[in-house]
Amino acid sequence: MILVLRALGVGDLATAVPALRGLRAGFPYRELVLAAPAWLAPLADLVGGIDRVLPTDGLADHPAWPGPPPEVAVNLHGRGPQSHRMLAAARPGRLLAFANAEAGHGDGPPWDGDEHEVRRWCRLLDWYGLPTDPGDLALRRPPAAGMPAGVTVLHPGSKIPAKRWPAGRFSALARTLADRGHRVMLTGSTGERDLSARIARDAGLTPDAVLAGRTDLAELAALVADARLVVSGDTGVAHLATGYGTASVVLFGPVPPAHWGPPPDRPRHRVLDVTRRPGLDRGWRAGVGVESHPTLAVIQVDEVLAAVDEAERAMRVSGAITA
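Residues numbered from 1 in each chain as written. Predicted model: local features only at pLDDT ≥ 70, side-chain atom pairs only at ≥ 80, totals over all residues. Heavy atoms only, no water.

I would appreciate a short explanation of the sheet that holds strand 8 (residues 229-233) in the present structure.
Remark on secondary structure: sheet strands pair via backbone hydrogen bonds, oriented parallel or antiparallel. Reading across from one edge, 7-6-8-9-10 is the order of the 5 strands in this open sheet, with parallel pairing throughout. The sheet is open, and its two borders are formed by strand 7 (184-186) and strand 10 (269-273), each paired with just one other strand. Along the sheet, successive strands turn relative to each other by an average axial angle of 15°, direction set aside. Of the strand pairs in this sheet, strand 6 (residues 152-155) and strand 8 are connected by 4 bridges, and their pairing is parallel. The partner of Val153 across the bridge, within strand 8, is Val230. Against the sheet, helix 12 (residues 301-318) touches strand 8, strand 9 (248-252) and strand 10, its axis set at about 155° to strand 10. (Pairing = 2+ DSSP bridges. Helix = DSSP H or I, 4+ residues; strand = E, 2+ residues; numbered from the N terminus. Axes fitted to C-alpha atoms, helices over the stretch in contact; angles between N-to-C directions. Contact = heavy atoms within 4.5 Å.)

Is there a simple way to think about the pairing of strand 3 (residues 52-55) in this case?
The two faces of the sheet receive side chains in turn, since in a regular strand these alternate between them. Looking at chain direction, strand 2 (residues 32-36) and strand 3 are connected through 4 bridges and run parallel. Bridge pairing in strand 3 places Val33 opposite Arg52. In this view, the connection linking strand 2 to its parallel neighbour strand 3 by way of helix 3 (residues 41-47) has right-handed handedness. (Right-handed = clockwise from strand over helix to strand, strands pointing away.)

How should the packing of aromatic side chains be read in this particular structure?
The way to describe two aromatic rings as a pair is by their centre distance and the angle between their planes. Inspection of the entire model under this criterion finds 5 aromatic pairs. By the ring-pair criterion, three or more aromatic residues cluster together here, those being Phe98, Trp111 and Trp121. (Phe/Tyr/Trp six-rings, centres within 6.5 Å; stacked < 30°, edge-to-face > 60°.)

Would you mind going over the pattern of salt bridges with me for this structure?
Here the idea is simple: oppositely charged side chains can pair when their charged atoms come close. The full count for this structure, using the stated rule, is 15 salt bridges. Of the charged contacts in the structure, one is a salt bridge between Glu115 and Arg123, with a shortest N-O distance of 2.6 Å. The partly exposed category is assigned to Arg123, whose relative accessible area is 25%. Salt-bridge contacts for Glu312 lead to Arg228; the nearest nitrogen and oxygen are separated by 2.7 Å. Remark: Arg228 occurs in the loop between helix 8 (217-225) and strand 8 and Glu312 occurs in helix 12; sequence separation between them is 84 residues. What makes Glu312 buried here is its relative accessible area of 6%. The partly exposed category is assigned to Arg228, whose relative accessible area is 28%. (Salt bridge = Lys/Arg side-chain N within 4 Å of Asp/Glu carboxyl O. Buried < 20%, exposed > 50% of the residue type's maximum accessible area, 1.4 Å probe, protein only.)

Laid out in structure tokens, this is it:
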């Protein structure tokens, strides 16, 4: 049995897809168990090749490994030492992980803090002789979930407030897109429902445009898979758009797209990145009366609209849409 640790969120699991598929190909006849939060199980099903999910919420209160020692344990969670030690406690026959002297793990490649998340985990497995394809990001299409098709999904929230584009600009964007004929829907978590409702109200949308807090993960995946367009910050829904080839515009700040962005060779996914403009961090402190990081606050509505036009033009060129 192969035990893989990735106890994080939607975007984290989506960026690990090529590595997980490399493991599946490298161990075709072994049970592949993913240690991840239970609520991610629907997304694990859409990755394919994962036999079961071991419910694991982070690293703080991890349960003792319930079964016999795994043949191989794989750390796709972090650099260690805590995640290394968590897997070592399962007494695996072999641990595949980045080198970490503090955890007593001298095997494995060195950690590189300045590389894309997808390539990081592919590089780890490649080092151990398990070939991967960093471009293999496609997700399985979810079963019919009764979600509307052809909508434009705006996802204004993020678990990191600094990654949120200002709500007023989302309202202006929603209003303009609706005037252009887009059927705009707002998604998010239950905690982001008030934010989405405020944006919808200010944009002149009806209450049924607010899906925040009303979809589970499988329904959100189905919505994105059949959407016309997704606009979001650097968060999980952007990775779903990449996985389904749905046109998207992703607003980056303060983390650069070189670490978490969609593949740069796919023009249907447009990135707005001002993270490297000098002086934007000056005087800014997270949580001190500021919701959006300055790198996001500088992005204007007309820039997003231009990126929307570019993403949809790329879709028309590819034949994915005809409108």
